[in-house]
Amino acid sequence: LSAAAGAWEELQAPAFADAEELWQSLFKSPDRWTDYRAAKGAGSVSPRHPDFKNNEGAALWIDSKNLPDWVQAKLGRVKSQKWKEAEGLAAPSAASADLWENLFESPERWSDFRAVKSSGEVSPRFPDFKSDDGDALWLDSRGTPEWVPERLATAGAGAWREGSPGGSGQASIVDPAEKEALWREVFDSPEDWSDYRELKSAGGVKPRYPDFKKLNDDKAVWLDDRQIPDWVAKELALAPRKWHLPENKMAKAEALWRDLLSMDSDDSEGIWFDFRGKKQEGLISHKHPDFRNSNDEALWVDSWSTPAWAVKKLKELDEEVA
């Protein structure tokens, strides 16, 4: 293990300029940099978004532990107009605020999809709330007013009817004809659908994940649906269609972690680079992979697909070389 850890340190890619050089570039070449401070202050971007980004994607954070001593004073002397201001990142709009107000004032018109999103039954980008008129709201939207989380906590989850995985936004009962049409699509156009049955059995996705999901779409069907047409079971028993088989991301992650933590370099998938230090120093985005190999395969320690044994072994390794 110590040999592997040493290799990560030696092979840490020097692909990013150090903080001193990047901050000097900010002042010497302001036309290459965009200033996100106002957007962060208005809540239009994440609090952890970089304060400055350049045309090549390099990023700088004012609260970084690696901030040179002279930067704060120089920022105070330089006018913000020196840099391009982030565009298209406006503060919450009046229209958005009105919809959120309506969510609380007329809860009977809205469906709450937070639970089915959390369980993986609909896409992560599915709205958190949908109205009977088709309006949609996302909690992580840039236009969400800052007072929303507190009011949601006060209202409680039971204030709205629970949205169904069918994605209709109107009560939980979906038109049987709509379900019939979806199942017809599954069998008539198998090339457009992914079959998750085997992956569900192997624990590769959550138990309530759809059995079939349309590619590049939120449409999905479940075999345990009470409204499933009677003929579906017979169709499934016939010659199998050529549905798309999704990759088992948990199995893939398991293999990559075993490769990263392996002592046997002969079986390696490539040289691994450890970016954790640069992330902690603020030299690269906090969303950057913790590890990346020479085949451009990446791993994040805090990913849902990271096995528990890998986190434990990595901690042991870090303590060993500390």
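Reading the values: rules and limits
Residues numbered from 1 in each chain as written. Predicted model: local features only at pLDDT ≥ 70, side-chain atom pairs only at ≥ 80, totals over all residues. Heavy atoms only, no water. Helix = DSSP H or I, 4+ residues; strand = E, 2+ residues; numbered from the N terminus. Buried < 20%, exposed > 50% of the residue type's maximum accessible area, 1.4 Å probe, protein only. Contact = heavy atoms within 4.5 Å. Areas by Shrake-Rupley, 256 points an atom, 1.4 Å probe, with all protein chains shown as cover. Core = buried A, V, L, I, M, F, W, Y, C linked by side-chain atoms within 4.5 Å. Pairing = 2+ DSSP bridges. Phe/Tyr/Trp six-rings, centres within 6.5 Å; stacked < 30°, edge-to-face > 60°. Lys NZ or Arg CZ within 6 Å of the ring centre and 35° of its normal. Patch = residues over 30% accessible without salt bridge, like charges linked within 9 Å, V, L, I, M, F, W, Y side chains within 5 Å. Salt bridge = Lys/Arg side-chain N within 4 Å of Asp/Glu carboxyl O. Lys, Arg positive; Asp, Glu negative; His and termini not counted. Charge placed at Lys NZ, Arg CZ, Asp CG, Glu CD. Axes fitted to C-alpha atoms, helices over the stretch in contact; angles between N-to-C directions. Parallel < 35°, antiparallel > 145°, perpendicular 65-115°, else oblique. Left-handed = near helix turned anticlockwise from the far one by under 90°. Nonpolar A, V, L, I, M, F, W, Y, C, P; charged D, E, K, R; others polar. 1 Å grid on protein atoms, 1.4 Å probe; cavity = no way out; pocket = protein on both sides within 12 Å on 5 of 7 lines; lining within 4 Å. Points joined across faces, edges and corners; volume = space filled by probe spheres on them. pLDDT = per-residue confidence, 0-100.

## Here we look at the overall build of the protein
Phase 1 of the analysis: Counting its secondary structure elements, the protein contains 13 helices and 14 strands.
Phase 2 of the analysis: With 322 residues in all, the protein has 40% of them scored as buried.
Phase 3 of the analysis: The contacts of the protein with a sequence gap of at least 6 include a subset with a gap of at least 24, amounting to 60%.
Phase 4 of the analysis: Within the structure as shown, the protein displays about 18400 Å² of accessible surface, and the carbon and sulfur contribution to it stands at 50%.

## Brief notes about the nonpolar core
Phase 1 of the analysis: Core analysis: the largest hydrophobic core is formed by 14 residues, its most contacted members being Trp23, Leu26, Trp33, Phe52, Leu60, Leu75 and Trp83.
Phase 2 of the analysis: Elements with a minimum of two residues in this core: helix 2 (19-28) and helix 4 (71-77).
Phase 3 of the analysis: Looking at which element gives the most residues to this core, the answer is helix 2, with five residues.
Phase 4 of the analysis: Core analysis: the second largest hydrophobic core is formed by 11 residues, Leu261, Leu299, Leu314 and Leu317 among them.

## Quick look at the sheet that holds strand 4 (residues 84-85)
Phase 1 of the analysis: Strand order across the open sheet formed by four strands is 3-2-1-4, with mixed pairing between neighbours. Since the sheet does not close on itself, it has two edges, and those belong to strand 3 (59-60) and strand 4, each with one partner.
Phase 2 of the analysis: Bridge count between strand 1 (residues 33-35) and strand 4: two bridges; the pairing is parallel. Each bridged residue has a counterpart across the sheet, and for Asp35 the counterpart in strand 4 is Glu85.

## Regarding the packing of aromatic side chains
Phase 1 of the analysis: Taken as a whole and judged by the stated rule, the model has 14 aromatic pairs.
Phase 2 of the analysis: Arranged with centres 5.9 Å apart and planes meeting at 75°, the rings of Trp183 and Phe212 form a pair that is edge-to-face. One end of the pair, Trp183, is in helix 8 (residues 176-188); the other, Phe212, is in strand 10 (residues 212-214), and 29 residues separate them in sequence. The burial state of Trp183 is the same as that of Phe212; both residues are buried.
Phase 3 of the analysis: The ring of Phe27 has Lys74 sitting right over it, with the charged end atom 4.9 Å from the ring centre.
Phase 4 of the analysis: The residue whose ring lies beneath Arg151 is Phe104, and the NZ or CZ to ring-centre distance is 4.4 Å.

## Structural notes on a positive patch on the surface
Phase 1 of the analysis: On the surface, Lys28, Lys74, Arg77 and Lys82 cluster together to form a positively charged patch.
Phase 2 of the analysis: Residue Lys74 is classed as partly exposed on the basis of its relative accessible area of 31%.

## Overview of the packing of helix 11 (residues 249-260) against helix 13 (residues 308-321)
Phase 1 of the analysis: Close contact between helix 11 and helix 13 brings their axes to 10 Å; oriented N to C, the two are set at 20°. In terms of axis orientation, helix 11 runs roughly parallel to helix 13. As for the relative orientation of helix 11 and helix 13, their crossing is left-handed in sense. Contact residues: Glu254, Trp257 and Arg258 in helix 11; Trp309, Ala310 and Leu314 in helix 13.
Phase 2 of the analysis: Taken together, the residues of the contact of helix 11 with helix 13 break down into four nonpolar, no polar and two charged.

## Points about the sheet that holds strand 13 (residues 291-293)
Phase 1 of the analysis: If you walk across this open sheet you meet the three strands as 12-13-14, and the pairing is antiparallel. For this open sheet the edge positions go to strand 12 (272-274) and strand 14 (298-299), each flanked by a neighbour on one side alone.
Phase 2 of the analysis: The pairing of strand 13 with strand 14 spans two bridges and is classified as antiparallel. Across the sheet, Phe291 pairs through a bridge with Leu299, a residue of strand 14.

## Details of empty space enclosed by the protein
Phase 1 of the analysis: Taken as a whole and assessed by the stated rule, the structure comprises one cavity of 30 Å³ or more.
Phase 2 of the analysis: Put simply, the largest cavity is a space of about 40 Å³.
Phase 3 of the analysis: Looking at the largest cavity, the residues that line it are Ala19, Trp23, Leu60, Trp61, Ser64, Asn66, Leu67, Glu281, Gly282 and Leu283.
Phase 4 of the analysis: A breakdown of the residues in the lining of the largest cavity according to their chemical character gives six nonpolar, three polar and one charged.

## Points about the confidence of the model for the protein
Phase 1 of the analysis: Looking at the protein, pLDDT values average 77 and 80% of them are 70 or higher.
Phase 2 of the analysis: Here helix 1 (residues 2-10) stands out as the element of the protein with the lowest mean pLDDT, 45, in contrast to strand 9 (residues 193-195), whose mean of 92 is the highest.
Phase 3 of the analysis: Confidence over residues 9-17 falls short of pLDDT 50; this stretch has 17 contacts with residues more than four positions distant or in other chains.

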